[in-house]
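If you want the building blocks of each chain, they are given just below.
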Amino acid sequence: VLTLQELILPKLPEPDFSSTPKITGATPSEVENHFKEKPSEKSSKSGRFSRFIPFFLALILFAGMIGYEKISVVLKKQLVSESNKKGNETSPEKTFLLRAQADFASGNFSSAWNFIGQTLKINPQNLEAIELRAKYYFLKKAYSLAIPDATTVLTKNPKASKELLQIRGLSYYSKNQFSEAIADLLLLEGPEISLKLAKCYAALGELEKASNYYMDYLKSNQEDLEVRRENLQILEKLGYTDSVITEFQKLGQTVPSSLLFKQANKFYQEEKYQESLETLDSLLLQNPKHLTALELQSKIYFKQERWEPYIDLMSKVLPLQPSALNYKLRGLAYLKLKQFSSAISDFSASIGLETQDPQIYYYRALALENLPDQERRAIQDYGQALRWNPQFSEALLRQATLLEKQENWTAAIQNYSQLLQIQPDGKYYFARGNLYRRLRDSENTLADYQQAIQLAPENLRYYHQRASFYFSLNRYGEAIQDWKYILDQDPSQTSNLEKLIHKAEEKRREESK
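Here's what I pulled together on the structure shown here. (Residues numbered from 1 in each chain as written. Predicted model: local features only at pLDDT ≥ 70, side-chain atom pairs only at ≥ 80, totals over all residues. Heavy atoms only, no water.)

### Quick look at the packing of helix α27 (residues 426-438) against helix α29 (residues 460-472)
- Running from N to C, α27 and α29 cross one another at 20°; their axes reach a closest spacing of 11 Å. In terms of their interaxial angle, α27 and α29 are classed as roughly parallel. Note that α27 runs across α29; the crossing there is left-handed. Together, Gly426, Lys427, Phe430, Asn434 and Arg437 of α27 and Arg461, Tyr462, Gln465, Ser468, Phe469 and Ser472 of α29 make up the contact between the two elements.
- Residue composition of the contact of α27 with α29, grouped by class: 3 nonpolar, 5 polar and 3 charged. (Axes fitted to C-alpha atoms, helices over the stretch in contact; angles between N-to-C directions. Helix = DSSP H or I, 4+ residues; strand = E, 2+ residues; numbered from the N terminus. Parallel < 35°, antiparallel > 145°, perpendicular 65-115°, else oblique. Left-handed = near helix turned anticlockwise from the far one by under 90°. Contact = heavy atoms within 4.5 Å. Nonpolar A, V, L, I, M, F, W, Y, C, P; charged D, E, K, R; others polar.)

### Description of the pattern of salt bridges
- Under the definition given, this model contains 17 salt bridges.
- Notably, a salt bridge pairs glutamate 163 with lysine 135, separated by 3.2 Å at the nearest N-O pair. Remark: lysine 135 occurs in helix α9 (residues 127-139) and glutamate 163 occurs in helix α11 (residues 162-174); sequence separation between them is 28 residues.
- In this structure, the salt-bridge partner of glutamate 230 is lysine 199, at a minimum N-O distance of 2.9 Å. In this pair, glutamate 230 sits in helix α15 (residues 225-238) while lysine 199 sits in helix α13 (residues 191-203), placing the two residues 31 residues apart along the sequence.
- Looking at lysine 199, the relative accessible area reads 22%, which means it is partly exposed.
- By sharing partners, the salt bridges in this structure join Glu131, Lys135 and Glu163 into a single network. (Salt bridge = Lys/Arg side-chain N within 4 Å of Asp/Glu carboxyl O. Buried < 20%, exposed > 50% of the residue type's maximum accessible area, 1.4 Å probe, protein only.)

### Considering unusual backbone geometry
- A positive phi angle is found at lysine 141, which is not glycine, with a value near 65°.
- Here lysine 141 shows up in the loop between α9 and α10 (143-156).
- A positive phi angle is found at glutamate 407, which is not glycine, with a value near 60°.
- Taking relative accessible area as the criterion, glutamate 407 reaches 56% and is therefore assigned exposed.

### Comments concerning the packing of aromatic side chains
- A complete count under the given rule lists 22 aromatic pairs for this structure.
- Ring geometry for phenylalanine 302 versus tryptophan 307: centroids 5.0 Å apart, planes at 80°, classification edge-to-face.
- The exposure class assigned to phenylalanine 302 is partly exposed, which follows from its relative accessible area of 26%.
- Among the aromatic residues, ring-to-ring pairing joins Phe347, Tyr362, Tyr363, Tyr382 and Phe392 into one connected group. (Phe/Tyr/Trp six-rings, centres within 6.5 Å; stacked < 30°, edge-to-face > 60°.)

### Regarding the nonpolar core
- Core analysis: the largest hydrophobic core is formed by 81 residues, its most contacted members being Leu335, Tyr362, Tyr382, Ala395, Tyr416 and Trp483.
- Take this core: its biggest share by element is 8 residues, from helix α23 (residues 358-369).
- Excluding anything up to four places from it in sequence, tryptophan 483 contacts His464, Ala467, Ser468, Phe471, Leu497, Leu500, Ile501 and Ala504.
- One finds Ile116, Ala134, Tyr201 and Ala210 within the second-largest nonpolar core, a separate group that totals 42 residues. (Core = buried A, V, L, I, M, F, W, Y, C linked by side-chain atoms within 4.5 Å.)

Now the structure itself:
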């Protein structure tokens with residue numbers, strides 16, 4: 001048997017949504033007031049209702065014959081007719097709406113849905129009912145349906161509750177429509193809104209804004225570790241290493257070694273070597289064998305020319321990574337400390353791992369030069385360096401110097417000739433000219449002196465050497481001319497030059513007799 005309420009208000013089917021937390025609407029007490037009967041009207045209302053008892057009973061008896069829907073229509077018409085007779089009482093539309101709000105507030109969503117539908121059947125434009133339906137859709141996670149209802153109300157009533165704006169913004173968020181969500185959420189306030197904005201901006205790749213809103217949220221939710229971790233990821237992507245480390249420390253967690261290394265490397269690039277070393281110390285406390293940290297620390301010591309701590313550090317690195325480069329660099333540190341035997345040992349180890357690096361041979365030759373009776377081996381190493389790099393100017397010059405010491409003038413001349421092909425320079429012409437002079441090759445000697453003077457006319461030493469050579473060739477007039485030029489340019493040499501000039505003039509007079 002159908003109840004009276006079921007006859008008057010046939011239930012609308014409720015959508016199949018899962019239940020979610022409720023949003024308050026009208027309170028049950030507010031609705032109850034609309035259904036209370038005034039004492040003065042009680043008897044008249046009872047009499048009025050009693051007149052319809054036979055009518056209701058008749059309808060119940062014939063329900064199966066007439067059909068439920070027809071009875072519902074008749075009863076609703078009767079209710080509307082009776083309501084219209086009472087000018088001071090609530091209309092059915094308002095009655096249904098208040099009942100919907102009361103049921104919604106009490107969590108009776110099935111009944112609320114029924115009364116929302118009844119309200120909108122009477123007036124499809126009832127904004128309060130549409131708003132309540134938007135809230136219902138939102139609670140049931142039917143976001144695609146909540147958005148148009150919320151938009152309808154907000155369009156017709158821009159001053160609608162911020163709760164509705166939040167519903168639409170969060171519905172957009174739940175549908176991953178982040179740009180639309182941001183437009184609504186920016187008009188709202190509160191930590192939870194900041195959190196949603198942070199997630200929206202993060203999804204759109206606007207990491208700066210995302211981090212700012214994460215920080216706003218964390219001001220009042222410092223214990224939310226999950227959000228802190230999300231913000232850490234954002235900060236790390238932005239390269240804000242200092243901020244990330246601070247966050248880890250606030251969380252009471254160990255700062256990852258990768259993050260510490262990143263910060264140390266950042267300090268290194270900024271030439272803040274002391275800060276970099278301090279950060280590396282923290283990293284190496286966690287992992288004493290962190291190879292990249294040890295190598296970065298060694299680079300800093302090398303740049304600072306702190307050779308002894310550099311050697312100690314590289315002695316830890318080499319067992320972990322015995323590379324040609326690491327042996328070469330430690331060898332250089334030994335060379336700087338004039339520990340030549342140790343340097344040669346490291347350069348030899350480096351050559352054993354990399355035979356085609358001209359610099360290693362060059363450095364080993366420098367070390368060999370400083371040991372007794374090792375000049376020949378040094379010349380050979382310079383030769384190996386030139387084998388792998390024929391344009392290696394420093395090796396050519398050092399080898400030429402050793403060849404001169406061994407009085408191998410011809411070989412030394414060849415080195416200077418190669419240097420002049422690489423870089424025409426007055427000093428190389430002058431050095432080669434001196435070697436030609438030792439070989440008594442007057443023509444090439446004077447030619448090289450002349451080239452040296454043309455390339456560096458300010459170098460008075462070149463004039464002096466040419467003048468002395470002219471004197472040795474009995475070309476006194478040309479010697480006097482060079483010495484007088486020097487005297488004009490540098491009067492401080494007057495005493496010595498006047499003696500030379502006087503001697504040359506005497507020789508010239510003797511020749512003329």
